[in-house]
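Architecture at a glance
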Protein chains: 2
Amino acid sequence: MRQIHISSYRPAGFAEKYQRLVADTVIPYQYDILRDAVPGAEESHAIKNFINAGRALRGEDTGDGFRGMVFQDSDAAKWLEAAAYSLAVFPSDELEREADAFIDVIAAAQDEDGYLDTRFTIKDREKRWTDLLEAHELYCMGHMMEAAAAYFEATGKRKLLDVMTKCALHIYRHFVEEGRDGYSGHPEVELALVRMYRATEERKLLELAKHFVDVRGREPYYFEREARERDWEVWGNDASDREYQQSHAPVREQQDAVGHAVRAMYLYSGMADVAAETGDAELSAACRRLWESVTQKRMYVTGGVGSTVHGEAFTVDYDLPSDTAYAETCASVGLIFFAMRMLEREHDGEYADVMERAFYNTVLAGMSLDGKRFFYVNPLECVPGISGAAATERHVLCERPGWFACACCPPNAARLIASLGKYAYGETHDTAFCNMFLAGEVEFANGVSLECSTGYPYGFEVRYDVRSGGRIAVRIPGWSRNKFTVELNGQEYVCEPEKGYVYIDAEDGDRITVTLDDAPRYVYASPKVPALSGKIAVERGPLVYCFEGADNGGDVLSLSLRRGGRLRAEKFDPNMLGGTAVISAEALRTADPGALYTSEEPERTPVTARAVPYYTWANRGVNQMRVWMPAE
Amino acid sequence: MRQIHISSYRPAGFAEKYQRLVADTVIPYQYDILRDAVPGAEESHAIKNFINAGRALRGEDTGDGFRGMVFQDSDAAKWLEAAAYSLAVFPSDELEREADAFIDVIAAAQDEDGYLDTRFTIKDREKRWTDLLEAHELYCMGHMMEAAAAYFEATGKRKLLDVMTKCALHIYRHFVEEGRDGYSGHPEVELALVRMYRATEERKLLELAKHFVDVRGREPYYFEREARERDWEVWGNDASDREYQQSHAPVREQQDAVGHAVRAMYLYSGMADVAAETGDAELSAACRRLWESVTQKRMYVTGGVGSTVHGEAFTVDYDLPSDTAYAETCASVGLIFFAMRMLEREHDGEYADVMERAFYNTVLAGMSLDGKRFFYVNPLECVPGISGAAATERHVLCERPGWFACACCPPNAARLIASLGKYAYGETHDTAFCNMFLAGEVEFANGVSLECSTGYPYGFEVRYDVRSGGRIAVRIPGWSRNKFTVELNGQEYVCEPEKGYVYIDAEDGDRITVTLDDAPRYVYASPKVPALSGKIAVERGPLVYCFEGADNGGDVLSLSLRRGGRLRAEKFDPNMLGGTAVISAEALRTADPGALYTSEEPERTPVTARAVPYYTWANRGVNQMRVWMPAE
């Protein structure tokens, strides 16, 4: 039975801190960006675009017209979606008023026939649906559908849901009823349509999602024909680069995760959604195959995916360089979407392990601790002087910049963080699933309710006070499989995890206490990964650690870790990096012989190296950082 | 006193093998390429271009006109130069006849005013000297000047020398007398003019070389103005990318080796030539500064330079990735040119150490053992499946291809190998310098003559039988500074090297025996090089070794070397890889745990790893290769 997410969640602990940061800092700041109220920031024009599109529809002067990227609408949609999630955990009249007002503006920008995209409403009406490769119409509409469903779920208000249902039915008419060819260059609408279907029960929306999944990659190849038939383009992307947009083969035949990593994650998520709703075993098998390709051969230890800047894309198996990594924040957000859908399909902790890996490492690293600055690119090594400077590393920054003209990552991280409860907790009709260890109060639709108390990811005792009983599944993470205990009301509860979950039938008032392995550990990469030969990394709980210059005398490059050396987790320090626990490791410091090459073995001195969680890096100015360390 | 190279050299041993390969295989093959007589090879058209240019000058039909790269003439020039050197060591009536006939064709392609470039003689006369950024006229003429001087030195025949003197004086008129602005986007003519000056004693040629060196990088910036003033271009190179063509500052102010690596090496060589002839201390200091930048911060252990494919260029200090390396064969040829000129200026073995490093490793690796296939790009690591396939490694090949459309490297390697005696042996009026250990007979112009017998680079005893006595300087390489002996007529000759050379006053009939350190050794890189943290390499004598799959069960990635473990040089095997000595090393093989990441320490088994010289790699099909190995 598919796991669903209709629980309500009131956060506490680590999740609350991040959700508050999003509510108090990120969402307001992003709203100001969208309405061009941040002095000095690059103009967004996103809200003005909707206003101007409404004017265009009413035959009024469109003022300063459309500005920004062709996918500018999606920034607004992602903000609205994040706002919806945030309202669900922290009700705010002010935010809800802003959102309602914006929804009015959006509704006014919808064409009579249901079409909704400001770029082609303000100008170039005749170009609608003629550049599916680059014009991002289905992508933008997809994001607005997600926002609509989220806002409906959070507030019960149907206005945007109705707008986007009308929009989806317009798409249905165009592509299904009128039989026009094509599918989106940037997947997103597929998963969004399934979500809309679940909110509205309008079967045409599921049918449309399935249609887009089915026609992708079929011969004759759509994008090349489309390119031949039009006399304009957005950037001039190569229509024949089939892997870039995952259309090199029908999706059921795709073997490896390829192309633009965000597109891949969104497509695979949509495929998994369609498979879940239709019971399509072949599609389901393709999802599993692609999942294995991603997570067993093409994923960084931080949960980053897409190892090259060229096309922000997957490359080949085991090509996971630390220094030239791309590992876009959005791609890890997308990996979490994909993982959640795989987990819905099959209750296996493996999927939640990857969700945590991507969330606690790459997604959190995408944002500064104060919520004001953002990384797109999440390298596993940063060397000031080379990173950002060498020709192959121009894309790698040593510090998070503020807002980007292409602002995909910040609102993507925001909507994920704000909705984290939906990933942490899921349910079937008879079981409440605790997939991630998020402190807070949870009420499941199946009747179970509980309060989770934990200092996770820094505390490893997780307590569930069961208010309303039922069957509860608690995930035992892969890294704790060999060392954990479960207690029920203070008594050892003997159990063997089934596919990563322990199942407990709890009564009202029961207390379940799960104690996970709190020991820091070394991580070893497959010897098939050339960039990681002879290297080890350090993890504790779900956190990947890194070594920064700030904690290591400014120089990380000359450090090696002692293989088998003791790792010691220091006490949680609430004042360090927003609250963290340093890990110290036995290491050797190699003296600099001065020469570029020498045959005199350089002197090596035992030292203690100090590591901090990867998500906290680059919050103390420009300095060296390394996840994978030479080991001896 | 400047070291000069007017000795005659008859090769034996290792040098003879390579010089014969060039004479018997490379030069004839390249000649066939130039005259389009190799079925299936990409058309060169180089000789036809000269024929057609002659027709154009005589007002005849130019047939199939000009074809090939804008610098196609230089392929012919480099071949002719290589042929000249080869004739000096292996006289050949047939080759000399071919060369003479070709020189007649070249002479007929020279315009009345001295201009000689087939591209702008066959067509577009009005475009002469209007695209110094890209059109390579000065570059092609420079190469033909080098060929002219070499052919004159080898054969005493003046025809091409006179042609190129007339050409050089045409350039002098245009740029000096008529005062036209500009200098070559691709340096080469500077060093060629000094060489022509030395052959002809025409001072205007030196003056012209100095002029081009002096005006480079001055404000107002030439290339941007030139680009604005013309309405055509070759490839559309960015005229404002000043570093690419080393014109970001006047040369005397340049601090770091930057831009296209071959251009840099040729420029620095020309600068050193001008400094040597003019005694310009400031220019000399700039050469030393740039030398240090190259060799102390930006050079691979193989003597490769230019670490990125982007612009085939230098990047930043200590950015020396093994896998994405560019390290063009031509750039190492150029580094040897530069090193030789630094050595002429200052008798310091450091320069010859670099010459050997570049020659025995990158230059030789540029060519297959049979002399028929060539690498442009010389990576220090090759992993089939990733190299050539991953987006950042598309330029990296696992096997040498045949001939290229852009055929710069093969003839460049050929002319260097064919003239190796000039690098190995030099002289001042009172001293004979043995810079590299090349077996063979040498007669110096200062009266000294000797025969060198050695199995170098596989034998470490070097015997000099002095036929005609005098002061002899023998280099003691940096890697042998702590362990070497010198004997004079069987008696220990106690001496301390001065700047890397021991000086011996030898009588007729003396025998000098130098015994160098034959032990394989580990090499350590500066901890400032991020790509080499925790890694070591293996060298013996001048040879850098590498680990290939072919000798290590197909899998090099899972091997680590034991730090301090014993290295054993096996007996020279004349049947292996054209004759080589394998080095075996204590190593650990890491078992593949199957998972991409694991916290279970993978099993590691002691094994013996086998290394072969880097220059022999990729002669046994596609397989893994690694120079720098993890060490523990």
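In this numbering scheme, every chain counts its residues from 1 along its sequence in written order. Each chain takes a letter, starting from A, and each ligand takes a number, starting from 1, following the order in which they are written. Residue-level local features of this predicted model are given only where pLDDT is at least 70; pairs of side-chain atoms are given and counted only at 80 or more, and the full residue set underlies all totals for whole chains, interfaces and linings. Side-chain metrics rest on all non-hydrogen atoms present in the structure, leaving aside hydrogens and water.

So, on to the overall build of chain A. For chain A, the count of helices and strands is 16 helices and 22 strands. Radius of gyration (C-alpha) of chain A: 24 Å, near the 26 Å computed for a compact globule of 632 residues. On the principal axes, the C-alpha backbone points of chain A span a range of 75 × 65 × 50 Å. A total of 632 residues make up chain A; the buried ones form 64% of that total. In this analysis, two residues are considered to be in contact whenever any of their non-hydrogen atoms come within 4.5 Å of each other. Taking the intrachain contacts of chain A between residues at least 6 apart in sequence as the baseline, contacts between residues at least 24 apart amount to 70%. When the accessible surface of chain A is totalled, it reaches about 20800 Å², and 45% of it is carbon and sulfur. On chain A, the mean spot of the 70 positive side-chain charges and the mean spot of the 99 negative ones are 1 Å from each other. Comment: elements are numbered from the N terminus, with helices defined as DSSP H or I runs of at least four residues and strands as E runs of at least two. The globule rule used for comparison is 2.2 Å times the number of residues to the exponent 0.38, while the radius of gyration itself is calculated over C-alpha atoms. Each residue's exposure class comes from its accessible area (1.4 Å probe, protein chains only) as a fraction of the maximum for that residue type: buried when under 20%, exposed when over 50%, partly exposed otherwise. For the accessible areas, the method is Shrake-Rupley and the probe is 1.4 Å, while residue cover comes only from the protein chains on display. When charges are counted, neither His nor the chain ends are considered; positive counts come from Lys and Arg and negative counts from Asp and Glu. Taken as the charge centre is NZ of Lys, CZ of Arg, CG of Asp or CD of Glu, depending on the residue.

Once chain A is rotated about the relating axis by 180 degrees and shifted along it by 0.0 Å, it coincides with chain B to within an RMSD of 0.0 Å. Between the two chains, the operation in question is that of a two-fold axis. The position closest to the rotation axis in chain A is occupied by the C-alpha of E632(A), lying 2.2 Å away. Comparing contact sets, 100% of the residues at the interface of chain A also lie at the interface in chain B, consistent with an isologous, same-surface contact. What sets the superposition is a least-squares fit of C-alpha atoms, and only residues with pLDDT of at least 70 in both copies go into it.

A pair of Phe, Tyr and Trp rings is counted when the ring centres sit within 6.5 Å of each other, with Trp represented by its six-membered ring. The angle between the planes then sorts it: under 30 degrees is stacked, over 60 is edge-to-face, the rest tilted. Inspection of the entire model under this criterion finds 71 aromatic pairs over all chains. These aromatic residues form a ring-pair network of at least three members: F14(A), Y18(A), F359(A), Y360(A), F437(A), Y456(A), Y458(A), F460(A), W479(A), F572(A) and Y615(A). Against the face of Y115(A) rests R128(A), its NZ or CZ located 3.8 Å from the ring centre. Placement of a charge over a ring requires the Lys NZ or Arg CZ to be within 6 Å of the ring centre, with the centre-to-atom vector within 35 degrees of the ring normal. We note R242(B) situated over the ring of Y221(B); from NZ or CZ to the ring centre the distance is 3.8 Å.

Take the pattern of salt bridges next. A pair is scored as a salt bridge if a Lys or Arg side-chain nitrogen falls within 4 Å of a carboxyl oxygen belonging to Asp or Glu. Tallying each qualifying case throughout the model produces 123 salt bridges over all chains. A salt bridge links E632(B) to R563(A); its shortest N-O distance comes to 2.9 Å. Taken together, the positions of E632(B) in the segment after β22 (629-630) and R563(A) in the loop between β16 (559-561) and β17 (567-569) put the pair across two chains. Judged by its relative accessible area of 19%, R563(A) falls in the buried class.

Residues and elements named next belong to chain A. Where each domain begins and ends follows an automated or database-derived domain assignment. Domain boundaries in chain A define domain 1 (428-516) and domain 2 (525-630). One C-alpha centre belongs to domain 1, the other to domain 2; they are set 34 Å apart. Each partner contributes to the interface: domain 1 provides five residues, whereas domain 2 provides eleven residues. Buried area: the accessible surface (1.4 Å probe) lost by two parts on joining, summed over both. Of the roughly 610 Å² buried where domain 1 meets domain 2, counting both sides, 69% is carbon and sulfur surface. At the surface where domain 1 touches domain 2, the tally comes to zero salt bridges. A 3.5 Å cut-off defines polar contacts: any pair of N or O atoms within that distance qualifies, except that in protein one atom must be a possible hydrogen donor and the other a possible acceptor, and neighbouring residues in sequence count only when both atoms are side-chain atoms. For the pair domain 1 and domain 2, the number of links is two residue pairs in polar contact (both at pLDDT 80 or more). The nonpolar class holds Ala, Val, Leu, Ile, Met, Phe, Trp, Tyr, Cys and Pro. Asp, Glu, Lys and Arg form the charged class, and all remaining residues, Gly among them, are polar. When grouped by side-chain class, the residues that make up the side of domain 1 that touches domain 2 number five nonpolar, no polar and no charged.

What follows deals with the nonpolar core. One recurring pattern in soluble globular proteins: nonpolar side chains tend to sit buried together. In this description, a nonpolar core means a group of buried Ala, Val, Leu, Ile, Met, Phe, Trp, Tyr and Cys residues linked to one another through side-chain atoms lying within 4.5 Å. Counting 232 residues, the largest nonpolar core has M164(B) and Y464(B) as its most contacted members. Beyond its immediate stretch of four places on either side in the chain, Y464(B) contacts Y425(B), C434(B), F437(B), L450(B), E451(B), C452(B), V474(B), D510(B), R511(B), I512(B) and V514(B). Judged by nonpolar contacts, the second largest core, of 231 residues, contains L161(A), M196(A), L364(A) and Y456(A).

Moving on: the interface of chain A and chain B. On the side of chain B, 59 residues touch chain A, which itself brings 59 residues to the contact. Three residues stand out in chain A for area buried against chain B, namely Y524(A), L596(A) and Y597(A), and they jointly supply 18% of the buried area on that side. Viewed at the interface, chain B and chain A are joined by six salt bridges. Going through the elements one at a time, α12 (281-297), β13 (521-525) and β19 (597-598) of chain A are the ones with two or more residues in the side of chain A that touches chain B. Per-element tally for the side of chain A that touches chain B: the top contributor is β13(A), with five residues. Along the lines of polarity and charge, the residues of the side of chain A that touches chain B split into 29 nonpolar, 15 polar and 15 charged. Any two strands with at least two DSSP bridges between them are considered paired. As paired elements, β19(A) and strand β13 (residues 521-525) of chain B share two bridges and run antiparallel to each other. Paired with Y597(A) across the two strands is A525(B), which belongs to β13(B).

Turning our attention to the side chain of D280(B). When you line up the elements, D280(B) lands in the loop between α11 (261-278) and α12 (281-297). Not counting the four nearest positions on each side in its chain, D280(B) is found in contact with R252(B) and A275(B).

Successive side chains on a regular strand alternate, one facing one side of the sheet and the next facing the other. Residues and elements named next belong to chain B. Residue alternation in strand β1 (residues 8-11) divides its side chains into a buried set, Y9 and P11, and an unburied set, S8 and R10. Of the pairings in the sheet, the one linking β1 to strand β5 (residues 440-443) comprises four bridges and is antiparallel in character. Its bridge partner being in β5, R10 is matched across the sheet by E441.

All names here are of chain B. Read across the open sheet, the four strands follow the order β3-β4-β8-β11; overall the sheet is mixed. Only two strands of the sheet have a single neighbouring strand rather than two, namely β3 (425-427) and β11 (501-506). When strand polarity is set aside, the average angle formed by the axes of neighbouring strands in this sheet is 25 degrees. Pairing of strand β8 (residues 470-475) with β11 involves six bridges; the strand directions are antiparallel. Note on β11: the bridge partner recorded for A473 is Y503. Note on method: axes are straight lines fitted to C-alpha atoms, helices fitted across the in-contact stretch only, with angles between N-to-C directions ranging 0 to 180 degrees.

Another aspect to go through is helix α2 (residues 46-57) of chain A. Residue and element names in this part refer to chain A. Take the residue count of a helix, subtract one, and multiply by 1.5 Å to get its expected span. End to end, α2 covers 17 Å across twelve residues, agreeing with the expected 16 Å (1.5 Å per residue, within 8%). Looking only at α2, the buried set comprises A46, I47, N49, F50, N52, A53 and G54. Against α1 (13-34), α3 (72-89), α4 (93-108), α5 (119-122) and α6 (137-155) lie the buried residues of α2. G59 occupies a position one or two residues after α2 and carries a positive phi of about 75 degrees.

Further remarks concern the sheet that holds strand β9 (residues 485-488) of chain A. All names here are of chain A. Spatially, seven strands are ordered β1-β5-β6-β7-β12-β9-β10 in an open sheet, and the strand pairing comes out antiparallel. Both edges of this open sheet fall to β1 (8-11) and β10 (491-492), since each of them pairs with a single strand only. Strand direction decides the pairing type here: β9 and strand β12 (residues 511-515), joined by four bridges, are antiparallel. Across the sheet, E487 pairs through a bridge with T513, a residue of β12.

The definitions used throughout rest on a 1 Å grid laid over the protein atoms alone, on which a cavity is an enclosed set of points accommodating a 1.4 Å probe that cannot get out and a pocket is an open set flanked by protein within 12 Å on both sides along at least five of seven lines; lining residues are those having an atom within 4 Å of a point. Grid points are joined across faces, edges and corners, and a volume is the space filled by probe spheres set on the points. Scanning all chains against the criterion turns up ten cavities of 30 Å³ or more. By volume, the largest cavity amounts to about 410 Å³. Surrounding the largest cavity, 31 residues form its lining, P321(A), D323(A), A531(A), D323(B) and A531(B) being those nearest its centre. Its residues placed into classes, the lining of the largest cavity shows 14 nonpolar, six polar and eleven charged.

Another point: the pairing of strand β8 (residues 470-475) of chain A. As judged from the four bridges shared by strand β4 (residues 431-434) of chain A and β8(A), these two strands associate in the parallel manner. Its bridge partner being in β8(A), T431(A) is matched across the sheet by R471(A).

Take the state of the cysteines next. All names here are of chain A. The disulfide criterion is simple: two cysteine sulfur atoms within 2.5 Å. Per the counting criterion, the structure on display carries zero disulfides over all chains. No disulfide involves C452; its nearest neighbouring cysteine sulfur is the one of C434, lying 6.9 Å away. According to the relative accessible area criterion, C452 is buried, its value standing at 2%.

This part is about the environment of E112(A). Residues and elements named next belong to chain A. Along the chain, the position of E112 falls in the loop between α4 and α5. The exposure class assigned to E112 is exposed, which follows from its relative accessible area of 74%. As a C-alpha pair, E112 and L57 span 55 residues in sequence and 8.6 Å in three-dimensional space.

A pair of packed helices is captured by two measures, namely the crossing angle of their axes and the spacing between those axes. Residue and element names in this part refer to chain A. Viewed as axis vectors pointing N to C, α3 and α6 meet at an angle of 15 degrees, and their least axial separation amounts to 8 Å. Here α3 is positioned roughly parallel relative to α6, judged by the angle of their axes. The two elements α3 and α6 cross, and the hand of that crossing is left-handed. Each of D73, S74, A77, K78, L80, E81, A84, Y85, L87 and A88 in α3 lies in contact with α6, whose residues at this interface are Y139, C140, H143, M144, E146, A147, A150, Y151, A154 and T155. When its residues are assigned to classes, the contact of α3 with α6 shows 13 nonpolar, three polar and four charged. Orientation labels follow simple angle bins: below 35 degrees gives roughly parallel, above 145 gives roughly antiparallel, 65 to 115 gives roughly perpendicular, and whatever is left gives oblique. By convention, the crossing between two helices is left-handed when the near helix turns anticlockwise from the far helix through less than a right angle, and right-handed when the turn is clockwise.

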